[in-house]
Amino acid sequence: MKALAGVKMSFDLQKVLHKDEPFVRGFREENTSLLSHLYLILRSSRQHRRSFLLSLLRMIDDEKKNGLDMLLFVVDTMAFFPYSTLEEPLFVIHNIDSKLSFSGMNILQSFQQALTPVQTENGDVRDDVEDNAEKIFERLPTDLKLLESCWKSWQNCMLLLHLRHHLKETYNLHDSKCRKYSPSEPSKAYDKAITRKPGVKFHPGQPICCLESGCMLPSREEFVEQYLEFKTMIMNLDKSEDDSDHDSTGRESPSGETGGESCQDTVQSKEKRPAKPRKTPSRKTPSSSKARPKPRSKKKRKKISFQ
């Protein structure tokens, strides 16, 4: 896609203009995207707009080809694109959720497998990870480079998590609305105009700290803190999915009974009601008192004779 080549050229230009800074951002001080004009050109076509947004999200998956500084630039631009309809930010959030549901859990599993297992009093070996900073700190390997790949991978996920949170806050999108959205639904259902909440900042803390340190591994204490922050955000993402599913299936009626029980009661009450007898329509017979009208008598014409 030629638009991606333009994004990379824009990033290279910003690096030349801000060569004294460790990284560049993809928005201006007034919270407008540097690629707003490009997005405005593609926004009118639904197919081109979606293809462009998906291409930007795929760039974040390829961490080896695209550095963290470029991914930060891309996410900055997506955070401040001039979205005009409800469908646009919902489409981005939907694809972020589908990506993080797999990649986020895979990173947590890889991190868990790299830790030193714990032997219990019974002699069993436990390799599960508790949400306790001290216990995780004790189980860290001596060489943190064994966890460096996990650390770099979750920095990319943190960019997507912060982008998701930013779009929800900027456009006042609740979890239930995000879960109900489906890209296959007609576009008219989400063509409602939206307005941006002013003054919402976008600051993905962990990736920015990583770039400021030159992508060097942090200390062991900071490493554990960053891991717990990442794990909390991923688990909250899964928790919101479970809550939205429960709301859509287990919603209670105002009387305190579930929908299935109330339907059953109404069916039973209908069965107890006696059937009403049908009324047969009666045919009206003409009354005998009314006499039939007499036929008109025909007058005889007189014959005229001509003499």
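Residues numbered from 1 in each chain as written. Predicted model: local features only at pLDDT ≥ 70, side-chain atom pairs only at ≥ 80, totals over all residues. Heavy atoms only, no water.

Asks: How should I be thinking about the overall build of the protein chain in this particular structure?
Replies: What the protein chain contains, in helices and strands, is 11 helices and 2 strands. In sequence order, the secondary structure elements of the protein chain are arranged as α-α-α-α-α-β-β-α-α-α-α-α-α. Considering the protein chain as a whole, with its 307 residues, one finds that 36% of them fall into the buried category. Sequence separation of 24 or more characterises 80% of the internal contacts of the protein chain that already satisfy a separation of 6 or more. Summing over all exposed atoms, the protein chain offers an accessible surface of approximately 20,900 Å²; the carbon and sulfur share of this is 52%. (Helix = DSSP H or I, 4+ residues; strand = E, 2+ residues; numbered from the N terminus. Buried < 20%, exposed > 50% of the residue type's maximum accessible area, 1.4 Å probe, protein only. Contact = heavy atoms within 4.5 Å. Areas by Shrake-Rupley, 256 points an atom, 1.4 Å probe, with all protein chains shown as cover.)

Asks: Honestly, the packing of aromatic side chains in this entry has me stumped. Any pointers?
Replies: What describes a pair of aromatic rings is the distance from one ring centre to the other and the angle between the planes of the rings. Evaluated as defined, the whole model comprises 14 aromatic pairs. A ring pair is formed by F81 and Y83, whose centres lie 6.1 Å apart and whose planes are at 85°; its orientation type is edge-to-face. A residue is classified by how much of its surface remains accessible, and F81, at 0% relative accessible area, is buried. Taken together, a centroid distance of 5.9 Å and an interplanar angle of 55° make the contact between W154 and Y227 tilted. Note that W154 is positioned in helix 7 (residues 148-170) and Y227 in helix 10 (residues 220-249), a separation of 73 residues in sequence. For the pair W154 and Y227, a shared accessibility class is recorded, and that class is buried. Ring pairs connect the aromatic residues Y39, F52, F81, Y83 and Y171, which therefore count as one cluster. Positioned above the aromatic ring of F137, the side-chain terminus of R220 is 5.6 Å from the ring centre. (Phe/Tyr/Trp six-rings, centres within 6.5 Å; stacked < 30°, edge-to-face > 60°. Lys NZ or Arg CZ within 6 Å of the ring centre and 35° of its normal.)

Asks: Got a minute to help me understand the pattern of salt bridges in this structure?
Replies: Pairing is possible between side chains that carry opposite charge, provided their charged atoms lie close to one another. Applying the stated criterion across every chain yields a total of 9 salt bridges. The salt bridge involving R25 is made with D76; its shortest N-O contact spans 2.6 Å. Linking R25 in the loop between helix 1 (2-17) and helix 2 (36-43) with D76 in helix 4 (residues 68-79), this pair joins segments that are 51 residues apart in sequence. For the pair shown, R25 and D76 are each scored as buried. The partner of R164 in a salt bridge is D175, with the nearest N and O atoms 3.7 Å apart. Of this pair, R164 sits in helix 7 while D175 is found in helix 8 (residues 175-180), placing the two residues 11 residues apart along the sequence. Within this structure, D97, R164, K168, D175 and R179 form a network of salt bridges that share partners. (Salt bridge = Lys/Arg side-chain N within 4 Å of Asp/Glu carboxyl O.)

Asks: For this particular structure, what's the right way to read the packing of helix 5 (residues 87-114) against helix 7?
Replies: Working note: a packed helix pair is described by the angle between its axes plus the distance between those axes. Where helix 5 meets helix 7, the axes come as close as 9 Å, and the angle between the chain directions of the two elements is 150°. By the criterion of interaxial angle, the relationship of helix 5 to helix 7 is roughly antiparallel. When you trace helix 5 past helix 7, the crossing you get is left-handed. Contacts between helix 5 and helix 7 pair P89, V92, I93, I96, D97, L100, S103, I107, S110 and F111 from the former with C150, S153, W154, C157, L160, L161, L163, R164, L167 and K168 from the latter. (Axes fitted to C-alpha atoms, helices over the stretch in contact; angles between N-to-C directions. Parallel < 35°, antiparallel > 145°, perpendicular 65-115°, else oblique. Left-handed = near helix turned anticlockwise from the far one by under 90°.)

Asks: Just checking my understanding: could you explain the side chain of K168 for this structure?
Replies: Here K168 shows up in helix 7. Since its relative accessible area comes to 17%, K168 is described here as buried. Discounting residues that sit within four places of it in the chain, K168 has contacts with I93, L173, D175 and C178.

Asks: Explain the side chain of T170 here, please?
Replies: On the secondary structure map, T170 appears in helix 7. A polar contact of 2.7 Å, which involves the side chain of T170, links it to the backbone oxygen of H166. Apart from residues lying up to four places away in sequence, T170 is in contact with T195, R196, K197 and V200. (Polar contact = N/O pair within 3.5 Å; in protein donor to acceptor, adjacent residues only side chain to side chain.)

Asks: What should I look at first to understand helix 2 in this one?
Replies: Side chains of residues three or four places apart in an α-helix project in the same direction, reflecting 3.6 residues per turn. Inspection of helix 2 places S36, Y39 and L42 among the buried residues, and these make up the whole buried set. All buried residues of helix 2 project into a common sector of 130° when viewed along the axis, lining one side. The exposed residues of helix 2 that point more than 90 degrees off its buried face are H37 and I41. (Arc of directions from axis to C-beta.)

Asks: Even after reading the chapter, I still don't get the environment of C150, so can you show me in this structure?
Replies: The topology assignment puts C150 in helix 7. In contact with C150, not counting residues within four places along its chain, are I107, S110 and F111.

Asks: Where do I start with the state of the cysteines in this structure?
Replies: Each disulfide consists of one covalent bond between the sulfur atoms belonging to two cysteines. Enumeration according to the criterion identifies 0 disulfides in this entry. In this structure C210 is a free cysteine whose sulfur lies 3.7 Å from that of C215, the closest cysteine sulfur available. The exposure class assigned to C210 is buried, which follows from its relative accessible area of 4%. (Disulfide = S-S within 2.5 Å.)

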